[in-house]
Amino acid sequence: PAKGATTVLGAGRRPARSAMDHRVISASWLIVGATLLFATMGVCVKLASADYTAGEIVFYRGLTGALMMTALARWRGGTVATRLPSMHFWRSLSGVISLVLWFYAIGSLPLATAMTLNYMSSVWMALFLIGGAVALGTARVDGRLIATVLIGFAGVALILRPTLEERQLWHGLMGLLSGVIAATAYLQVAALGKAGEPEYRIVFYFSFGGIVAGALLMVATGMHGHTWRGAALLLAVGVLATSAQVLMTRAYSTGRTLVNASLQYLGIAWSFLYGVLIFGDKVTPMAISGMLLIAVAGLSATLLRARSSRPAVAALDDPPNTA
């Protein structure tokens, strides 16, 4: 039986199992909603990129997110004041750099391509965690991890090859780099969660970092005037991204890690549909194969990471605090 399950009375099992199933189902719907919101945000970023730079989009996305998180903190009776400013600084720095690179890639790449390259963060994160353990001599090299990483890079090669033919290799590399840096940001988020920081505070300082970085970039690259359409797109980016973060955080705090990780890759499917229907992106067997390989590699990396840090069953029922 699972850890903590009642084994003395048969009647005691059914309510606990029913409550767990209901919780997992609810979390699953939250993940589905979050992936749809993130993909829709990607559409808005791509449309806004015609009128604004990546720095401007990051600035307004951060401003909207900071205001929303301040309101959420007040509604919950909390505060955005923190005792861990240095941890928030490094998490925000890596997260914002990743975000700028990702938005830059979205502006010039097919939407599904940019989204998929960012999803490589799961593979990078597993490599960092287990690779660090190996470097410290606390674990041996796992052949399954090596296979997972190779599968992920094979997917990247399949995706970037058609991108290279369209002379967009630079943007593809920036999208890939955004996934590498995002992996370090996720590790820092996990550390903040373990330190007791609530999700609204983590997201607030990330958003505040976006305001600062976006403002600096606007000083360097200039600032564009607004139209009603442009302002609506910028507002949509902030609202969609922040709402998706809150939904995903809630899902990971109540559901099962591997179930959530599996459903999270629906974001690639949503982006693929948006790209074809709205932007007329080309559908190539090579690109589709690459997306599938990265999804498989990401799920495998999540499973290996869970098993390397705790027993598999516990990982299914005790998800981490993420944002």
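Bear in mind that the values here come from a model prediction, so they are computed numbers and not experimental data.

Participant: Even after reading the chapter, I still don't get the overall build of the protein, so can you show me in this structure?
Facilitator: Across its full length, the protein carries 13 helices and zero strands. Beginning at the N terminus, the succession of helices and strands in the protein can be written as α-α-α-α-α-α-α-α-α-α-α-α-α. Out of the 323 residues in the protein, the part that is buried amounts to 46%. As displayed, the protein has an accessible area near 15700 Å², and 69% of this comes from carbon and sulfur atoms.

Participant: Explain the packing of aromatic side chains to me, please; I cannot follow it from the model alone.
Facilitator: Each aromatic ring pair is specified by the distance between its two centres and by the angle formed by the two planes. Counted under the stated rule, the structure contains five aromatic pairs. Here the aromatic rings of Phe59 and Tyr60 are separated by 5.0 Å at their centres, their planes lie at 85°, and the arrangement is edge-to-face. Tyr60 matches Phe59 in its accessibility class, with the two residues each being buried. Centre to centre, the rings of Phe204 and Tyr205 are 5.0 Å apart; their planes meet at 85°, and the pair counts as edge-to-face.

Participant: I would appreciate a short explanation of the pattern of salt bridges in the present structure.
Facilitator: Should the charged atoms of two oppositely charged side chains come close, the side chains can pair. Summed over the entire model, instances satisfying the criterion amount to three salt bridges. When the shortest N-O distance is used, the salt bridge between Arg201 and Glu197 registers 2.7 Å. Glu197 gets classed as buried once you look at its relative accessible area, which sits at 3%.

Participant: What am I meant to see in the packing of helix 3 (residues 85–108) against helix 8 (residues 199–221) here?
Facilitator: The description of two helices packed together rests on the angle between their axes and the distance between the axes. The interhelical angle for the contact between helix 3 and helix 8, taken along N-to-C directions, is 55°, at an axis separation of 8 Å. The orientation of helix 3 relative to helix 8 falls into the category oblique. Between helix 3 and helix 8 lies a crossing whose hand is right-handed. Contact residues: helix 3 offers His88, Arg91, Ser92, Gly95, Val96, Leu99 and Val100, while helix 8 offers Arg201, Ile202, Tyr205, Phe206, Gly209, Gly210, Ala213 and Leu217.

Participant: Sorry if this is basic, but what is going on with the nonpolar core here?
Facilitator: General note: in soluble globular proteins, nonpolar side chains tend to be found buried as a group. Residues Met41, Ile57 and Phe103 are the most contacted members of the largest nonpolar core, which totals 64 residues. When neighbours within four sequence positions are excluded, Met41 is seen to be in contact with Trp102, Phe103, Val237, Leu240 and Ala241.

Participant: Looking at this structure, I do not really get the confidence of the model for the protein. What am I missing?
Facilitator: The predicted coordinates ought not to be read in detail in places where the model reports low pLDDT. Predicted confidence across the protein gives a mean pLDDT of 80, with 76% of residues reaching 70 or more. Across the protein, the element-wise mean pLDDT spans from 35 in helix 13 (residues 312–317) up to 95 in helix 2 (residues 54–75). Low pLDDT, under 50, characterises residues 311–323; the stretch is placed with 33 contacts to residues that sit more than four places away or in other chains.

Participant: Hey, could you run me through a nonpolar patch on the surface in this one?
Facilitator: Taken together, Leu273, Val276, Leu277, Ile278, Val283, Ile288 and Leu292 make up a surface patch of nonpolar side chains, about 620 Å² in accessible area. Of all the elements in the fold, those that place two or more residues in the nonpolar patch are helix 11 (266–279) and helix 12 (285–309). Broken down by element, the residue count for the nonpolar patch peaks at four residues, all from helix 11. Relative to the assigned elements, Leu277 resides in helix 11. Its relative accessible area of 71% is what places Leu277 among the exposed residues.

Participant: For this particular structure, what's the right way to read the packing of helix 3 against helix 4 (residues 111–118)?
Facilitator: For the pair helix 3 and helix 4, interaxial distance at closest approach is 9 Å and the crossing angle is 155°. By the angle between their axes, helix 3 is roughly antiparallel relative to helix 4. You can see that helix 3 and helix 4 cross each other, and the crossing is right-handed. Across the interface between the two elements, Ser98, Trp102, Ala105 and Ile106 of helix 3 pack against Leu111, Ala114, Met115 and Asn118 of helix 4. Considered class by class, the residues forming the contact of helix 3 with helix 4 number six nonpolar, two polar and no charged.

Participant: It is not clear to me how the environment of Leu67 should be interpreted in this structure. Could you clarify?
Facilitator: Mapped onto the elements, Leu67 comes out in helix 2. Taking C-alpha positions, Leu67 is 8.2 Å from Phe204, a pair spaced 137 residues apart along the chain.

Participant: How should I be thinking about the environment of Val219 in this particular structure?
Facilitator: Residue position: Val219 is located in helix 8. For Val219, a relative accessible area of 72% gives the class exposed. When the C-alpha positions of Val219 and Glu56 are compared, they lie 10.0 Å apart, and in sequence the two are 163 residues distant.

Reading guide: rules and limits
- Residues numbered from 1 in each chain as written.
- Predicted model: local features only at pLDDT ≥ 70, side-chain atom pairs only at ≥ 80, totals over all residues.
- Heavy atoms only, no water.
- Helix = DSSP H or I, 4+ residues; strand = E, 2+ residues; numbered from the N terminus.
- Buried < 20%, exposed > 50% of the residue type's maximum accessible area, 1.4 Å probe, protein only.
- Areas by Shrake-Rupley, 256 points an atom, 1.4 Å probe, with all protein chains shown as cover.
- Phe/Tyr/Trp six-rings, centres within 6.5 Å; stacked < 30°, edge-to-face > 60°.
- Salt bridge = Lys/Arg side-chain N within 4 Å of Asp/Glu carboxyl O.
- Axes fitted to C-alpha atoms, helices over the stretch in contact; angles between N-to-C directions.
- Parallel < 35°, antiparallel > 145°, perpendicular 65-115°, else oblique.
- Left-handed = near helix turned anticlockwise from the far one by under 90°.
- Contact = heavy atoms within 4.5 Å.
- Core = buried A, V, L, I, M, F, W, Y, C linked by side-chain atoms within 4.5 Å.
- pLDDT = per-residue confidence, 0-100.
- Patch = residues over 30% accessible without salt bridge, like charges linked within 9 Å, V, L, I, M, F, W, Y side chains within 5 Å.
- Nonpolar A, V, L, I, M, F, W, Y, C, P; charged D, E, K, R; others polar.

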